[in-house]
Amino acid sequence: MDVLIFFLLTCVSLPLATPDPNDETCLTQLSQTLKDPLNNLRNGTKSTFANPCSGFTSYLPGATCNNGRIYKLSLTSLSLQGSISPFLSNCTNLQSLDLSSNSISGPIPQDLQYLVNLAVLNLSSNRLQGEIPQQLTLCAYLNVIDLHENLLTGQIPQELGLLARLSAFDVSNNRLSGPIPASLGNRSGNLPRFNSTSFQGNKGLYGYPLPPMKSKGLSVLAIVGIGLGSGLASLVLSFTGVCIWLKITEEKTADEEGKMSQFMPDY
């Protein structure tokens, strides 16, 4: 009984978790850059942004709280538009960010590097543009990076291969180019390995584990060869035709001269 009373008194004496101003800034700025045409985030008001959590309970759709802080944010398949606010990095307690299957455009903010606790990043099936920021390497706890089905360009940062916890990686069906970093395509030791499905659908991307690219040089040589061959054949035919025409002309001239000589008087 005494132990129970001590426990209750201890719980009462513990301070309640207070709203974090960083979370408020994070959510407020994100709501301003994202467009919600179907009003799926109707609970996103100034008051709920100021106090989004009560312990482990969240007042926002798609948000999960942990001790009064935003812990997970999952806003998938909501027809969201607009862009990702760099102020999202203010949600410093965030461990999972899932904005997949929307119509979000613009770049992936480099400021996501400040989400040092982030383990899951899923921005797939959107319209994101620009390059994959190499600064994501600073999110040392990343287990999942899923960026497939976007409009991303440039090369895959080789620094991403330094993420020792990375167990799922997908950048398929973008517009990436250049070589696949060996640190991602040919991982060694106990590091999880990624197969070709993680990289396919990028016309300019090459290297293991993708199959070898078809040699474009042979095609060009073949085209040049065909062109030269056709040109040479045409030249030969033209030359032959000219020779035949000259021969025929010469024979006609000779015949005409022979005929004329028959009618000319002798002197």
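Since the structure is predicted, the reported quantities are computational estimates derived from the model, not experimental observations.

Novice: I'd like to hear about unusual backbone geometry, residue by residue, with values.
Specialist: Going from Y208 to P209, the amide bond is cis rather than trans, its omega being 15°. Relative to the assigned elements, P209 resides in the loop between β15 (204–206) and α5 (216–263). Residue N39 is not a glycine yet carries a positive backbone phi of 55°. Relative to the elements of secondary structure, N39 occurs in the loop between β1 (34–35) and α3 (46–50). Residue classification places N39 among the partly exposed residues on the basis of a relative accessible area of 41%. Phi at S79 is positive, roughly 60°, even though this residue is not glycine. With respect to the element layout, S79 can be found in the loop between β5 (69–74) and β6 (81–82). Given the relative accessible area of 34%, S79 is considered partly exposed.

Novice: Describe in detail the pairing of strand β10 (residues 127–130), supporting the description with residues and values.
Specialist: When strand β8 (residues 105–106) meets β10, the two strands line up parallel, connected through 2 bridges. Note that in β10 the partner of G106 across the bridge is L128. Pairing of β10 with strand β12 (residues 151–154), which is carried by 2 bridges, proceeds in the parallel orientation. Within the sheet, the bridge partner assigned to G130 lies in β12 and is L152.

Conventions used here
- Along every chain, residues carry numbers that run from 1 in the direction the sequence is written.
- For a predicted model such as this one, the threshold for reporting local features is a pLDDT of at least 70, and the threshold for listing and counting side-chain atom pairs is 80 or more; totals across whole chains, interfaces and linings nevertheless cover every residue.
- The basis for every side-chain value is the complete set of non-hydrogen atoms in the structure, without hydrogens or water.
- By definition, any uninterrupted DSSP run of H or I lasting at least four residues is a helix, any uninterrupted run of E lasting at least two residues is a strand, and each is numbered from the N terminus.
- Each residue is placed in one exposure class: buried if its accessible area under a 1.4 Å probe, protein chains only, is under 20% of its type's maximum, exposed if it is over 50%, and partly exposed if it falls in between.
- Here, a strand pair is defined by DSSP locating no fewer than two bridges between the strands.

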